[in-house]
Amino acid sequence: MRYAQYIIGTALMWAVVACSSGPSQQFIQQVSSELNDLKGVTEKLNALKGEVANLQDPFAGLKGELGKVWTDKVEKDKELAEKVSQLTEQAKQLTEQVTSLEGQLNSALSEAQSFVDGLATQQKKEEELKTDWEAIKGKVSGVAGQVEQLSQQLAQLKQEVQAHSEAIKSKYAPKK
């Protein structure tokens, strides 16, 4: 009789474990690994943030180099001054976009981290969890795409600032 109870008890335990609806350990490890990969976007955004910060006053070095010539001539040259103002405004807008993107990324990564932290206690089926995870990854990937776009905009802005600086130097820098 005890032997039969033992067999039935073991069979019931096996059935409970086999039919549990939570995610597999392999799925949890895969999602954790993917989360670590997604966190790499933070490094790219921080690098972009640093580069954008260097462009806050894109003509500061040139102003220092030209000194009084800057205020006497460059600021009074309507065309050059307008372009300086335009490029400075673009740098400010880029900074605002990076700041906004940083908030979006932090939010998306926080959601992803919460998802991973709660995976072990989930009662949903793995297929449902995969769908949820793909949606969260999509948010982070969307931000990563925007980081890439801003990087391209930054590169273009740097080229424009460099070209305009050269134009100002060629026109107003002291000839050596």
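Everything below is about the structure shown above.
We now turn to the structure provided with this report. All figures in this text were calculated on a predicted structure; none of them were measured in a lab. (Residues numbered from 1 in each chain as written. Predicted model: local features only at pLDDT ≥ 70, side-chain atom pairs only at ≥ 80, totals over all residues. Heavy atoms only, no water.)

## Thoughts on the overall build of the chain
Applicable threshold: Only runs of H or I of at least four residues qualify as helices and only runs of E of at least two qualify as strands under DSSP, and these elements are numbered from the N terminus. Buried, partly exposed and exposed residues are distinguished by accessible area as a fraction of the type maximum, computed with a 1.4 Å probe on protein chains only: under 20%, between the cut-offs, and over 50%, respectively. Any two residues having at least one pair of non-hydrogen atoms within 4.5 Å are treated as being in contact.
Of regular secondary structure, the chain possesses 7 helices and 0 strands. When the helices and strands of the chain are placed in sequence order, the string is α-α-α-α-α-α-α. The buried share of the chain, taken over its 176 residues, is 28%. Long-range contacts, defined as pairs at least 24 residues apart, comprise 88% of the intrachain contacts of the chain with a sequence gap of at least 6.

## With respect to the side chain of Ser-165
Within the element layout of this structure, Ser-165 appears in helix α7 (residues 126-172). When sequence neighbours within four positions are dropped, the list of residues in contact with Ser-165 reads Phe-59 and Leu-62.

## Some remarks on helix α2 (residues 25-38)
This is how it is decided: The span one expects for a helix is its residue count, reduced by one, times 1.5 Å. What the arc covers is the set of directions going from the helix axis to the C-beta atoms.
Between the first and last C-alpha of α2 there are 20 Å, a value that for 14 residues agrees with the 20 Å anticipated at 1.5 Å per step. Along α2, the residues classified as buried are Phe-27, Ile-28, Val-31, Glu-34, Leu-35 and Leu-38. Viewed end-on, α2 has its buried residues packed into an arc of 130°, placing them on one side of the element. Summarising the geometry of α2, the exposed residues directed more than 90 degrees from the buried face are Gln-25, Gln-26, Gln-29, Asn-36 and Asp-37.

## Looking at the pattern of salt bridges
Heads up, the rule is: The salt bridge definition used is simple: a Lys or Arg side-chain nitrogen within 4 Å of an Asp or Glu carboxyl oxygen.
Taken as a whole, this structure holds 12 salt bridges when the rule is applied. Note that Glu-51 and Lys-158 form a salt bridge whose closest N and O atoms lie 2.9 Å from each other. Here Lys-158 lies in helix α7 and Glu-51 lies in helix α3 (residues 40-53), a separation of 107 residues in the sequence. For Lys-158, a relative accessible area of 37% translates into the label partly exposed. The shortest N-O distance in the salt bridge between Lys-68 and Asp-72 comes to 3.8 Å. With a gap of 4 residues between them, Lys-68 and Asp-72 both fall in helix α5 (residues 68-74), about one helical turn apart. For Lys-68, a relative accessible area of 60% translates into the label exposed. It is possible to trace a salt-bridge network through shared partners that takes in Glu-34, Glu-134 and Lys-137.

## Some words on the packing of α2 against α7
Definition in use: For every element, the axis is a line fit to its C-alpha atoms; helices are fit only across the contacting stretch, and the angle between N-to-C directions ranges from 0 to 180 degrees. Roughly parallel covers angles under 35 degrees, roughly antiparallel covers those over 145, roughly perpendicular covers 65 to 115, and oblique covers all other angles. Any residue outside Ala, Val, Leu, Ile, Met, Phe, Trp, Tyr, Cys, Pro, Asp, Glu, Lys and Arg is labelled polar, Gly included; the first ten of those are nonpolar and the last four are charged.
Closest axis-to-axis distance for the α2/α7 pair is 12 Å, and the angle between their directions is 0°. Taken as axis vectors, α2 and α7 run roughly parallel relative to one another. The segment α2 lies against α7, with Phe-27, Val-31, Glu-34, Leu-35 and Leu-38 engaging Glu-126, Leu-129, Lys-130, Trp-133, Lys-137 and Val-140. Tallied by class, the residues present in the contact of α2 with α7 amount to 7 nonpolar, no polar and 4 charged.

## Points about the packing of aromatic side chains
Two numbers describe a pair of aromatic rings. These are the distance of the centres and the angle of the planes. The cut-off we apply is this: When the centres of two rings from Phe, Tyr and Trp lie within 6.5 Å, Trp using its six-membered ring, the rings pair. Their planes under 30 degrees apart give stacked, over 60 give edge-to-face, and anything left gives tilted.
Scanning all chains against the criterion turns up 2 aromatic pairs. Taken together, a centroid distance of 5.4 Å and an interplanar angle of 20° make the contact between Phe-115 and Trp-133 stacked. Linking Phe-115 in helix α6 (residues 78-118) with Trp-133 in helix α7, this pair joins segments that are 18 residues apart in sequence. Residue Phe-115 shares its accessibility class with Trp-133, and that shared class is buried.

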